[in-house]
Amino acid sequence: MIIILTGLARSGKTFAANYLKEKNFNVLTFSNILIKECKKRNLEPTKMNLSIVGDKLRKELGMGALGRLILKEIKSDNYILDGSRSVEEIEEIKKKYPHAKLIFIDARPDIRFSRRNEKDPNDRKVFFSRDMIDIKNKGLGKVIEMSDIKLENNGTEDEFKNKLDMTIENLREEEKYSKLGVKIGIEIHQRLNTKKLFCNCSSDQKEKSFMIVKRRLNSSVGEMGKVDKAVSFETKKKKEFIYKVYENESCLVELDEEPPHEMNREALVMGIQMCKLLHCKIPDEIHVMRKIVTDGSNTGGFQRTSLVGLNGYIESSLGKVGISSICVEEEAARIDEKKENEIIYKLNGLGIPLIEIATKPDIKTPRHAKEVAERLGKLLRSLNVQRGIGSIRQDINVSVKGGARTEIKGFQELSEMEKTIRSEIERQIALIKIKKKVKPFKMQEIKNVTKVFTNCKTKFLQNIIKSGGNVFGSKLPGLKNYLKESLGSHTLGKELAYYAMVYGPKGIIHNDEDLKRYGLEKEFEKLEKILNAQKDDIIFIVAGRNAKIAAKSVIKRASILGKKIPEETRVALKGDSFYLRPLPGTHRMYPETDIPPIVVDKNLLSFEIPKTLGEYEKELSEKIGRELAHSIVKSRNFKRFLKLSKNISDIKTLSVVFTNLFKDLSREGYNIERITDDDIISVFKELKKGNISKSVLKDIFLEISKGNKNFEKFKLIKGEKLEKIIKDEIKSNPDKNERTLMKIIMKKYNKKVDGKKVFEIIKKILKT
Amino acid sequence: MKYSKKIQSLISKGKIGDEILIESSKGTFFGTLMPRPEIGDKDSLIIKLKNGYNIGIKSKNIRSVKVIKKMEEKKAIREIHFDKSKPNISLFVTGGTIASKIDYDTGAVKALMNPQEILDTIPELSNIVNIADISRPFTKMSEDMEPNDWISLAKGIYKKIENGSKGIIVTHGTDTLHYTSAALSFFLQKPSVPIVLVGAQRSSDRPSTDAHMNLICSAYTSLSDISEVGICMHATMNDDYCYFIRGTKVRKMHTSRRDAFRPINDLPLAKIWPNGKIEKLQDYHKRGGKTILDTKFDNKVALLKTYPGSNPGIMKYLIDKGYHGFVLEGTGLGHVPTNSKNSWIPIIKKSIKDGIPVVVTSQTIYGRVNPNVYTNLRVLYHESKAIPGEDMLSETAYIKLGWVLGHTKDMDKIREMMLTNVSGEINSRSNPKTFLW
């Protein structure tokens, strides 16, 4: 790995180089190259001479001279090159090492000034005037612009070391994955905390349903006269959809019984704000589209979606990641229950506004994917978004060289993402190997073989046959033994089974499995004859509902194992993923004619970018400390914190209340929902007046959570009353010293007295 | 194309549907050139990007537009082959949502110009009937229809029945569907085969369209022995079954719901399931016999509504314009302002005296007009001789009066005909089950 370091004076380049030297990197500095050249020419390496030699070299060898010279010194691919200052030098290096990374180390001016050493000017003005010379005259500005990675060094040495470790680890991983040709993109869906996107229903999802409506969907021809693959796949499954209807959380719009209203302005504005945060270009006119979705999750058979921004980027530890699009769209209805012939959906989720952010396939590694997802999530939380389970979802797109673009949906946790991507990369690599070994074949005949199994020992087959179901059998020519092969996290046999399972059956049974487990050896012998199978053929059966279509789906997939790896949508499951449906094309989009195009005018563009959580965190760090700032910004109560911080000056204590204290109470089973903003304000008023101590905050909020808002009993004993108590205690314990008295009083009155005050008074009384 | 001149010159030889490359200050875009809807900014060029989204880019932000690939010819719509062994029926296509698709000129929904396209979206129809012929007497959104359209439709249908059609299906816009159904009920009496009118509240281009089930149920109805003129559409918000409702007793009761058509003062004729099951809910005219074609119609009839503060001068104005009859949609049991400053009584009296009939129905929609209960009613019906419209719908009464006036101008005869049930428009009993059905 070749790493070039750049940055302004005292940003930490040398520190980084020295640290990485410990990590077995070789270090070369550009100034050492110059010094060497000076020595060659028998010149003292004074500042003047260095500059003269530098200019001479550039004249003789071109602007990238130092780059060329340093290249001669590189003897392995494990080098740190410190202190490059010209674009040409870097270009020379990248010519030979295209994967070399340019890291820009950035530190705030005041911090850099504080790190100055004896050689540096002590005068601020002189110190910073060097920056301007470096940036403008010496071309450092352009070098910074072309950097691959930006590392901030404003914290402690340990923090910076950690960052360096992370970066190196990430780069090592990137190197590994780039050899495999891995490309990863993420799609994030975030629910917004507004009314619904195309009607005025509540997005709360708290109500109970009061009626149901039953529907069916038909596939229709798209704008371009073609039916989308994914669409006809869903219609093949022919299901009835049942929608649970809600009084305040759904209306005739969700029921597809009334045309949509205009787009919710607040949601649209947030979409535009997100575009600004991610440096996206905003079209001059936004068109609401219908994206055909016939799985029933949208009553109309389409999801309304609109592209509000494109071609942006987000910074990450491995450089910029492109943002291909930002959309504002409707949430789909969630499944309540799935039955054999019907799916029950809840209409209260349908139509909740979502911001969808799709990155370009610029993400380098599984870990990088998680990082980018987290960064995007944090930016989104700067807007008025919903929090909690299901309010944010990530889908990923993965491909390896020679593989195919695969979309994986349905992550329950962000932590699952890394593992799932790794499994998917393994799966594609395994499939590429299999592709080279097996031959494609034609569609095979599917036979109804129910009779063979009427007396079989397998219970679930018996049950299916008894209830009138059928068993279908067929073969996969030339695939014997291949179904045992591992695709990383599961076998090819299990992979194929999912192509059947999406149509309803529970799986397939094939002769690469141990048939004794099912007690089906004899039946499969019979099948061999019926299906006229050869030795190297797989024979398999599928039973139950839609078994014939399911069998066809398995054969279709297996038949192209030797030909190509199909693009598909998969569903994540415990770090692995399984087939869900073919990857949808673009044919399923056509204009939503019920909503006129939205002209993006000055008014719409005038909304300011909200302060990001990152910015809040930085700002708060200075006031309440880094750790507390981090946890309050991450907290679900952050919006509330911001609101209350206008009335409460002790924000440090406020953030402790919202993070640790509330967390504890809710863990202990108390209903913190009952604590209102007014409650918190009045408690803090008492705190400010000195009427209560911080140590009783938890007890007070615990009482409030139980509905008891009177906290008179927690008030501190003060003034004359306090003095009297202490006098009495001294009287009844005449021979005790200050410390013992203190212990006695504190034990007796605990949180109701201020220890400091008590000690003061004891001292005062004993003195007199 | 409705694009601005600037956009047109940027596109130059490019045509809608071509693949284009736009160089702009917002980036480089590759996609398909889309037509400009009339709404929105005509100085924005619309491109369908490869990810399927349409976006608009203003001309001032565009540096160049290059045509990369000319549009491929669209594949012809697949041919649908009907099963000749199924019974022959005739399909009349008149327009409306059911026969509509996206219109890229206006950005709105537009009528299908090729009737075949309907069948393309509902191939299951070929399992039920053999659509022997498709007629398109006119293509109109239903709000644009006029009495002459009803006449030409009735004549067209009569011809098909005479030629041996086993059933008739008429696709129609929903706004005035119940006017057409009432008109056809008087123009085609005792039809020998079912005449089924059908519309859709959700356009056929969407997967959730109600056209699908409505048409399938209509096909089954057209083959049934319920030989009446009626409307066959969704009975509930569910996609479970349709109602076939008598053409004179049906009204559009909701702007957008798919179960908007309800029977008024009547039960539906039948429930029709999309699997062909039919449950009959009341007596009906049976298949067979000879259809009576009677399209005599006087279209100088007006339907007016009285309300607090309404000005009876409107009636005088129309009489001066040569109108021959009025249906007044009164209040409650069939009142019109009687003793107020704006009393309608004098003009009604004068009108009837001059041989211009006045029929009164009620804007309560449900229930029957009564000529006797209150004094003011007696003034209206007994003194002034207005004709109480029984339990007829205002719309039906309006069409019936035009039809009656097509036959006679004799006031007694008019009164007699208006009060005699011709095509199920008057029920002598008020069935308690029928309210808010």
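None of the values given here were measured: they were computed from a predicted structure. (Residues numbered from 1 in each chain as written. Chains lettered and ligands numbered in written order. Predicted model: local features only at pLDDT ≥ 70, side-chain atom pairs only at ≥ 80, totals over all residues. Heavy atoms only, no water.)

(A) Summary view of the overall build of chain A. Within chain A, the secondary structure is distributed over 28 helices and 25 strands. With the C-alpha coordinates of chain A rotated into their principal frame, the extents come out at 110 × 90 × 60 Å. Put simply, chain A has 768 residues, and 54% of those count as buried. Put simply, 74% of the contacts in chain A that link residues at least 6 apart link residues at least 24 apart. Counting only carbon and sulfur atoms, one obtains 50% of the accessible surface of chain A, whose full area is about 37,600 Å². A distance of 3 Å separates the average location of the 153 positive side-chain charges in chain A from that of its 110 negative side-chain charges. (Helix = DSSP H or I, 4+ residues; strand = E, 2+ residues; numbered from the N terminus. Buried < 20%, exposed > 50% of the residue type's maximum accessible area, 1.4 Å probe, protein only. Contact = heavy atoms within 4.5 Å. Areas by Shrake-Rupley, 256 points an atom, 1.4 Å probe, with all protein chains shown as cover. Lys, Arg positive; Asp, Glu negative; His and termini not counted. Charge placed at Lys NZ, Arg CZ, Asp CG, Glu CD.)

(B) Fine view of the side chain of Glu342(A). Residues and elements named next belong to chain A. Mapped onto the fold, Glu342 is located in strand E14 (residues 342–346). Among the residues examined, Glu342 registers a relative accessible area of 19% and is labelled buried. Leaving out residues up to four positions away in the same chain, Glu342 has contacts with Glu240 and Ile242.

(C) Here's a closer look at the packing of helix H6 (residues 313–320) of chain B against helix H7 (residues 345–353) of chain B. Residue and element names in this part refer to chain B. Interhelical geometry of H6 versus H7 gives an angle of 25° and a closest axis separation of 9 Å. Classed by the angle they form, the pair H6 and H7 counts as roughly parallel. Pair H6 / H7 crosses with left-handed handedness. Facing Met315, Lys316 and Ile319 of H6, the residues of H7 in contact are Ile347, Ile348 and Ser351. Its residues assigned to classes, the contact of H6 with H7 comprises 4 nonpolar, 1 polar and 1 charged. (Axes fitted to C-alpha atoms, helices over the stretch in contact; angles between N-to-C directions. Parallel < 35°, antiparallel > 145°, perpendicular 65-115°, else oblique. Left-handed = near helix turned anticlockwise from the far one by under 90°. Nonpolar A, V, L, I, M, F, W, Y, C, P; charged D, E, K, R; others polar.)

(D) Structural detail: the interface of chain A and chain B. Contact with chain A, which involves 49 residues of that partner, is made by 46 residues of chain B. Both sides together, the interface formed by chain A and chain B hides about 3,900 Å², and carbon and sulfur atoms give 54% of it. Summed over the shared surface of chain A and chain B, the number is 7 salt bridges. Among the salt bridges present, the one from Asp256(A) reaches Arg206(B), with a minimum N-O distance of 2.7 Å. Inspection of the chain A/chain B interface yields 21 residue pairs in polar contact (both at pLDDT 80 or more). (Buried area = accessible area lost by both parts, 1.4 Å probe. Salt bridge = Lys/Arg side-chain N within 4 Å of Asp/Glu carboxyl O. Polar contact = N/O pair within 3.5 Å; in protein donor to acceptor, adjacent residues only side chain to side chain.)

(E) Seen up close, the confidence of the model for chain B. All names here are of chain B. For chain B, the average pLDDT comes to 91, and 92% of its residues sit at 70 or higher. Taken together, the stretch residues 103–108 has pLDDT below 50 and engages in 20 contacts with residues farther than four places along the chain or on a different chain. Reported confidences for the modelled complex are a pTM of 0.83 and an ipTM of 0.92. (pLDDT = per-residue confidence, 0-100.)

(F) View of the sheet that holds strand E22 (residues 358–362) of chain B. Residue and element names in this part refer to chain B. Ordered by their spatial adjacency, 4 strands build an open sheet running E20-E21-E22-E23, and the pairing between neighbours is parallel. If you trace the sheet from one side to the other, it starts and ends with strand E20 (301–305) and strand E23 (387–388), each paired once. Pairing of E22 with E23 involves 2 bridges; the strand directions are parallel. Residue pairing in the sheet places Val359 in a bridge with Ile387 of E23. (Pairing = 2+ DSSP bridges.)

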